[in-house]
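Structure assessment
Letter by letter, the chains look like this.
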Amino acid sequence: MSEHVRLNKLRESKSKLYEMHGFAPRIINQPYLEELKVGVRPSKETLHELQKGSSDFVNKYENRSLVAELSCLLEDIPLDEPLKTHRYTSRCPIDVLEVNPMSGCNVNCLYCLVVDGDHSAPKKLYKNYASYLRRKLTEDNGADHCYYFAPQTEPFQESTLQTGTAHDILREFIAYFKQKPKSKSKVFVLSKAGKEELQYKNNGDTILDLMRKLSGNLVYHTSISVMPPELYPVLEPRAASIENRLEAAVLCQENKIEADWAVVQPAIPAFLTDKTIDDLLRKFKEANLKGFKPEMLTLSIKNLAWIGQLTGYIDKSMEKKLYELYTAPENKNNVKHKNRVAPNREFTHKAMMKLKEHADKLGLDMTICSWVRSELNITPKEVPVVMRKNLIGNRPAEIGVCKPAIGLHRTKRI
Ligand code: SF4
């Protein structure tokens with residue numbers, strides 16, 4: 001029997017989803033696209049998905065069920081279940097293991113690629129996760145891995161913090177490295193946490209205290225989304241602000257935790273202008289970041305019907321651009337993982353080059369995911385593969401997990 005736990009808000013809810021004056025969810029169909037003057041004609045199948053996705057959106061918006069209650073169910077994970085290998089594309093490495101203490105996520109991002117933005121399923125937190133992890137680490141018998149905490153959920157959110165699960169996971173890793181001081185394994189944390197999350201206490205320890213104890217064995221990357229400012233409270237109802245996430249990265253650095261890179265994800269492609277890129281990268285400089293890895297928004301067509309019209313509330317031309325970038329028939333096979341479509345290749349290539357140009361100007365490093373590199377034929381000369389020494393074992397690995405890919409073409413090491 002699972003126990004239902006209500007959680008306390010970490011910060012005042014900033015969701016503005018139901019306070020968008022004059023917004024009315026619409027069905028996205030061919031007449032709607034024509035009204036918007038979208039310059040591509042999606043296939044029948046794509047139109048069907050847009051229509052289905054938007055009809056679902058209308059229902060959920062009207063029932064006010066897009067942002068789920070702040071709660072979770074406490075359950076046990078079977079102890080014999082193996083840790084999942086983190087491998088979304090054939091270009092991903094084989095020795096990154098996922099540490100996912102929960103199914104679902106309370107941050108409730110409406111573009112979430114784990115659940116295609118739909119957070120209606122109950123969130124299950126595995127209350128025995130620390131002992132499960134201890135067992136998996138023992139079974140690993142000292143092999144070198146990158147433990148990715150947590151690709152399927154936010155590692156530091158109300159449920160993992162208020163139950164002490166996030167603290168206990170870090171405690172397990174501390175005990176593991178104490179027992180195996182020669183281990184070359186690494187813990188990789190990718191998080192949208194702000195300072196509140198990192199300073200959350202359990203049995204006298206904050207997350208920061210525990211990550212500090214893992215210094216040398218842990219790499220922290222802040223996860224930064226890029227979209228019009230008015231969209232953050234709509235698309236990421238319970239996440240820390242971008243400023244707060246960068247402050248969290250600085251706090252880590254001050255505590256000798258390796259936290260000098262950002263994974264920029266998702267970037268809403270139509271929002272990437274010279275000005276927005278420059279503003280963002282200057283913030284990175286101020287937060288002492290050395291580099292970043294951009295990932296364009298990838299999403300299912302059904303989810304595009306949500307994100308498109310919410311973006312359109314802020315800027316209709318941006319909404320039009322989104323449909324053009326994702327729904328053209330020639331873009332149909334531009335699928336990264338599951339049913340997630342990536343934006344038009346030519347546009348993405350140009351956007352990546354623009355990002356790189358600004359990064360160079362400001363003295364920041366930039367790298368890109370191996371799948372994107374191969375899809376867009378971006379050479380290491382255009383965007384070097386940035387390798388972090390000893391990310392897994394003695395081998396250098398490409399920075400910016402989702403893939404610490406074991407790189408072949410090393411052009412730069414840090
Ligand atoms: S924080 Fe990550 S896992 Fe959680 S809802 Fe947002 S995108 Fe999904």
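Scroll up to find the structure this text is about.
A short tour of the structure in this document, coming up. Keep in mind that what you see is a predicted model, and the values were worked out from it rather than measured.

When you go through the protein chain residue by residue, the secondary structure sums to 14 helices and 18 strands. For 414 residues, the compact-globule estimate of 2.2 N^0.38 gives 22 Å, and the protein chain sits close to it at 21 Å. Seen through its principal axes, the protein chain has C-alpha atoms that stretch 65 × 55 × 40 Å. For the protein chain, the proportion of its 414 residues judged to be buried stands at 49%.

Glancing now at the site of the ligand. The local shell around the ligand consists of Cys-105, Val-107, Asn-108, Cys-109, Cys-112, Val-114, Thr-153, Glu-154 and Lys-192. For the shell around the ligand, the class distribution of residues is five nonpolar, two polar and two charged.

Glancing now at the nonpolar core. Counting 108 residues, the largest nonpolar core has Phe-149, Ile-169, Phe-188, Ile-207 and Met-211 as its most contacted members. Excluding anything up to four places from it in sequence, Phe-149 contacts Val-99, Pro-155, Ile-169, Val-187, Phe-188 and Val-189.

Moving on to the environment of Arg-245. Here Arg-245 shows up in helix H9 (residues 242-254). Since 22 C-beta atoms lie within 10 Å of it, Arg-245 is described here as buried. Considering only alpha carbons, one finds Arg-245 and Gln-265, 20 residues apart in sequence, at a separation of 13 Å. Residue contacts for Arg-245: discarding those within four places in its chain leaves Lys-192, Ala-193, Gly-194, Thr-222, Ile-224 and Ala-240.

Now for unusual backbone geometry. For the bond running from Phe-149 to Ala-150, omega is 10°, close enough to zero to count as cis. Relative to the assigned elements, Ala-150 resides in the loop between strand E6 (146-149) and helix H4 (158-162). That bond from Gln-265 to Pro-266 is cis: its omega, -15°, falls within 30 degrees of zero. As for its position among the elements, Pro-266 is in strand E11 (residues 258-267). Notably, Lys-256 is not glycine yet its phi reads approximately 60°, a positive angle.

Now for the sheet that holds strand E4 (residues 102-103). Taken in spatial order, the four strands make up an open sheet running E1-E2-E5-E4, and their pairing is mixed. Each edge of the open sheet is held by one strand with a lone partner, namely strand E1 (3-6) and E4. Inspection of the sheet shows E1 paired to strand E2 (residues 71-75) by four bridges, in the antiparallel sense. Within the sheet, the bridge partner assigned to His-4 lies in E2 and is Leu-73.

With parallel pairing, the seven strands of this open sheet are ordered in space as E3-E6-E7-E10-E11-E12-E15. The open sheet has two free edges, formed respectively by strand E3 (96-99) and strand E15 (365-366), since each of these has just one partner strand. Relative to the sheet, H9 contacts strand E10 (218-226) and E11, its axis offset from that of E10 by approximately 165°.

Bringing helix H10 (residues 274-286) into the picture now. The end-to-end C-alpha distance of H10, which contains 13 residues, comes to 18 Å, matching closely the 18 Å that a straight helix rising 1.5 Å per residue would cover. Residues Ile-277, Leu-280, Leu-281 and Phe-284 constitute the buried set of H10. On an axial view of H10, the arc spanned by its buried residues comes to 95°, and they lie on one face. Residues of H10 that are exposed and point over 90 degrees away from its buried face: Lys-275, Asp-279, Lys-285 and Glu-286. Contacts made by the buried residues of H10 are with E10, E11, strand E12 (291-296) and helix H13 (345-362). Looking one or two residues past H10, Asn-288 carries a phi angle of roughly 60°, positive in sign.

In this model, H13 (18 residues) spans 26 Å end to end at C-alpha, consistent with the 26 Å of a helix rising 1.5 Å per residue. In the stretch just after H13, Gly-363 is the one whose phi turns positive, near 75°.

Our next topic: the pairing of strand E7 (residues 186-191). Counting buried positions along E7 gives six out of six residues, so the element sits mostly inside the fold. Where burial is concerned, the two faces of E7 agree: the one with Lys-186, Phe-188 and Leu-190 and the one with Val-187, Val-189 and Ser-191 are both buried. Alignment of E6 against E7, held across four bridges, turns out to be parallel. In the strand pairing of E7, Cys-146 is matched with Lys-186.

Another point: the environment of Ala-166. Mapping Ala-166 onto the fold places it in helix H5 (residues 165-179). Sequence-wise, Ala-166 and Ile-207 are 41 residues apart; in three dimensions their C-alpha atoms are separated by 7.7 Å.

Here we come to the packing of H10 against H13. When two helices pack together, their arrangement is given by the angle between the helix axes and by the axis-to-axis distance. Between H10 and H13, whose axes approach to 10 Å, the crossing angle comes to 40°. Comparing the axis directions of H10 and H13 gives the class oblique. For the element pair H10 and H13, the recorded crossing hand is right-handed. Residue-level inspection shows Ile-277, Asp-278, Leu-281, Arg-282 and Lys-285 of H10 in contact with H13, the latter providing Lys-354, Leu-355, His-358, Ala-359 and Leu-362. Within the contact of H10 with H13, the residues separate by chemical class into five nonpolar, one polar and four charged.

Glancing now at the packing of helix H11 (residues 301-314) against helix H12 (residues 316-327). In contact at an axis separation of 7 Å, H11 and H12 are set at 160° when each is read in the N-to-C sense. The angle between H11 and H12 falls in the class roughly antiparallel. Classified by chirality, the crossing of H12 by H11 is right-handed. Seen from H11, the contacting residues are Ile-301, Leu-304, Gly-308, Gln-309, Thr-311 and Gly-312; seen from H12, they are Lys-316, Met-318, Glu-319, Leu-322, Tyr-323, Tyr-326 and Thr-327. Class assignment of the residues belonging to the contact of H11 with H12 gives a composition of six nonpolar, five polar and two charged.

The rules behind each value
Residues numbered from 1 in each chain as written. Predicted model: local features only at pLDDT ≥ 70, side-chain atom pairs only at ≥ 80, totals over all residues. Helix = DSSP H or I, 4+ residues; strand = E, 2+ residues; numbered from the N terminus. Rg over C-alpha atoms; globule rule 2.2 N^0.38 Å. Buried ≥ 20, exposed ≤ 12 C-beta atoms within 10 Å, placed from the backbone. Near = placed C-beta within 6 Å. Nonpolar A, V, L, I, M, F, W, Y, C, P; charged D, E, K, R; others polar. Core = buried A, V, L, I, M, F, W, Y, C linked by C-beta atoms within 7 Å. Contact = placed C-beta atoms within 7 Å. Pairing = 2+ DSSP bridges. Axes fitted to C-alpha atoms, helices over the stretch in contact; angles between N-to-C directions. Expected span 1.5 Å × (residues − 1). Arc of directions from axis to C-beta. Parallel < 35°, antiparallel > 145°, perpendicular 65-115°, else oblique. Left-handed = near helix turned anticlockwise from the far one by under 90°.

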